[in-house]
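Secondary and tertiary structure notes
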Amino acid sequence: KQEVTQIPAALSVPEGENLVLNCSFTDSAIYNLQWFRQDPGKGLTSLLLIQSSQREQTSGRLNASLDKSSGRSTLYIAASQPGDSATYLCAVRQSGRQAGTALIFGKGTTLSVSS
Amino acid sequence: GAGVSQSPSNKVTEKGKDVELRCDPISGHTALYWYRQSLGQGLEFLIYFQGNSAPDKSGLPSDRFSAERTGGSVSTLTIQRTQQEDSAVYLCASSLLTGSGNTIYFGEGSWLTVV
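All of these numbers come straight from a predicted model, not from anything done at the bench.

1. Here's the deal with the pattern of salt bridges
Residue and element names in this part refer to chain B. In the structure shown here, the tally under the stated rule is seven salt bridges over all chains. One salt bridge in this structure joins Arg64 and Asp86, with 2.8 Å as the shortest N-O distance. Separated by 22 residues along the polypeptide, Arg64 in the loop between strand S6 (53–56) and strand S7 (65–69) and Asp86 in the loop between strand S8 (75–79) and strand S9 (88–95) bring together distant segments of the chain. Across the pair, exposure class does not vary: Arg64 and Asp86 are buried alike.

Here it is, written out as structure tokens:
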């Protein structure tokens with residue numbers, strides 16, 4: 001059974017710091033991995049999607065990497081800002097399933113960036 | 001529509017009552033998902049639709065939960081005889097197809113409180 005783990009559960013940094021959020025998964029048979037952001041009381045916003053054949057994706061100050069063989073992904077946030085404060089969720093979409101293609105989520109890392 | 005729309009955004013109901021939660025996916029999206037997020041927990045997959053059929057309903061927690069989708073568009077999640085443990089945010093998501101390259105887009109959720 002696929003399990004997704006995110007470490008740390010919470011992280012506090014001062015504004016301007018570069019930081020890395022970690023995601024690990026137990027089954028490497030995945031289609032893709034997606035990073036989401038969730039603000040308090042809100043739904044999820046997709047940040048980056050990495051296909052299983054890709055190594056990384058970049059969007060602005062965000063860079064996500066994927067090492068499928070080791071079951072790891074990282075989300076790198078450069079020059080963090082208070083507006084980056086949110087919960088960041090990692091999710092994998094498994095391959096090889098007959099019908100269900102649901103995303104399996106980690107529990108998230110709650111980031112707080114202080115000004 | 002421009003995004004995934006869910007209603008009601010908030011619902012308080014008495015234990016034992018039935019509730020219906022509605023999801024209007026992004027126009028043209030054939031895949032639709034329901035997830036549940038309880039306080040302090042990760043996202044829990046409930047059910048997935050491809051068109052009007054539900055090939056994966058493995059996540060529905062009990063027979064009090066059901067969902068349907070009509071016209072390949074709007075979906076309704078029904079919870080019968082609600083219990084306090086049903087209190088959670090119910091998130092709906094949609095994607096263009098179930099292929100590996102498709103980003104999943106989430107609505108803002110329906111916040112259910114059973115008292």
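Still more ground to cover, so stick around.
2. Brief notes about the interface of chain B and chain A
Each side of the interface is counted separately: chain B has 24 residues, and chain A has 23 residues. Across the chain B/chain A interface, buried area totals approximately 1800 Å², and carbon plus sulfur atoms make up 53% of it. Our count for the chain B to chain A interface comes out at one salt bridge. One salt bridge connects Lys42 of chain A with Glu108 of chain B, and the closest N-O pair in it is separated by 3.7 Å.

3. Quick notes on the sheet that holds strand S1 (residues 4–7) of chain A
Residues and elements named next belong to chain A. Across the sheet, which stays open at both edges, the five strands sit in the order S1-S3-S8-S7-S6 with antiparallel pairing between neighbours. A single partner strand is all that each edge strand has here, and the edge strands are S1 and strand S6 (56–59). Along the sheet, successive strands turn relative to each other by an average axial angle of 15 degrees, direction set aside. Relative to strand S3 (residues 19–25), S1 is paired through four bridges, and the arrangement is antiparallel. By the bridge assignment for S3, Thr5 is matched with Ser24.

4. Section: the sheet that holds S7 of chain B
All names here are of chain B. With antiparallel pairing, four strands are arranged side by side in an open sheet as S1-S3-S8-S7. This sheet does not close on itself; its edge strands, each paired only once, are strand S1 (5–7) and S7. The average angle at which neighbouring strand axes cross in this sheet is 15 degrees, direction not considered. Strand direction decides the pairing type here: strand S3 (residues 19–24) and S8, joined by five bridges, are antiparallel. Considered in S8, the bridge of Glu20 is made with Thr78.

5. Describing the pairing of strand S9 (residues 86–94) of chain A
All names here are of chain A. Of all nine residues that make up S9, nine are buried, and the element is covered over most of its length. When strand S4 (residues 30–38) meets S9, the two strands line up antiparallel, connected through eight bridges. Within S9, the residue paired with Asn32 across the bridge is Arg93. Pairing analysis gives three bridges linking S9 to strand S11 (residues 109–114), with the strands arranged antiparallel. Bridge assignment links Ala86 to a residue of S11, and that residue is Leu111. Relative to strand S10 (residues 103–105), S9 runs antiparallel, the two being bridged by three bridges. Counterpart to Val92 in the pairing with S10 is Ile104.

6. Looking at the nonpolar core
Counting 22 residues, the largest nonpolar core has Phe25, Leu33, Trp35, Leu75, Ile77, Tyr88 and Leu111 of chain A as the members making the most contacts within it. The set of elements that each furnish at least two residues to this core consists of S3, S4, strand S5 (44–51), strand S7 (62–67), strand S8 (72–77), S9 and S11 of chain A. In this structure, Leu21, Cys23, Trp34 and Cys92 of chain B belong to the second largest nonpolar core, which totals 19 residues.

7. Quick notes on the layout of surface pockets
If you add up the space inside the largest pocket, you get close to 530 Å³. Around the largest pocket sit 24 residues that line it, and Gln38 of chain A together with Gln37, Ser38, Leu39 and Gly40 of chain B are the ones nearest its centre. Elements represented by at least two residues in the lining of the largest pocket include exactly S9 and S11 of chain A together with S9 and strand S11 (110–114) of chain B. Along the lines of polarity and charge, the residues of the lining of the largest pocket split into nine nonpolar, twelve polar and three charged. Along its surface, the second largest pocket is lined by 19 residues, and Lys1, Gln2, Ile104 and Phe105 of chain A together with Leu43 of chain B are the ones closest to its centre. For the lining of the second largest pocket, the elements supplying multiple residues, two or more each, are S10 of chain A together with strand S5 (43–50) of chain B.

About the cut-offs
- Residues numbered from 1 in each chain as written.
- Chains lettered and ligands numbered in written order.
- Predicted model: local features only at pLDDT ≥ 70, side-chain atom pairs only at ≥ 80, totals over all residues.
- Heavy atoms only, no water.
- Salt bridge = Lys/Arg side-chain N within 4 Å of Asp/Glu carboxyl O.
- Helix = DSSP H or I, 4+ residues; strand = E, 2+ residues; numbered from the N terminus.
- Buried < 20%, exposed > 50% of the residue type's maximum accessible area, 1.4 Å probe, protein only.
- Contact = heavy atoms within 4.5 Å.
- Buried area = accessible area lost by both parts, 1.4 Å probe.
- Pairing = 2+ DSSP bridges.
- Axes fitted to C-alpha atoms, helices over the stretch in contact; angles between N-to-C directions.
- Core = buried A, V, L, I, M, F, W, Y, C linked by side-chain atoms within 4.5 Å.
- 1 Å grid on protein atoms, 1.4 Å probe; cavity = no way out; pocket = protein on both sides within 12 Å on 5 of 7 lines; lining within 4 Å.
- Points joined across faces, edges and corners; volume = space filled by probe spheres on them.
- Nonpolar A, V, L, I, M, F, W, Y, C, P; charged D, E, K, R; others polar.

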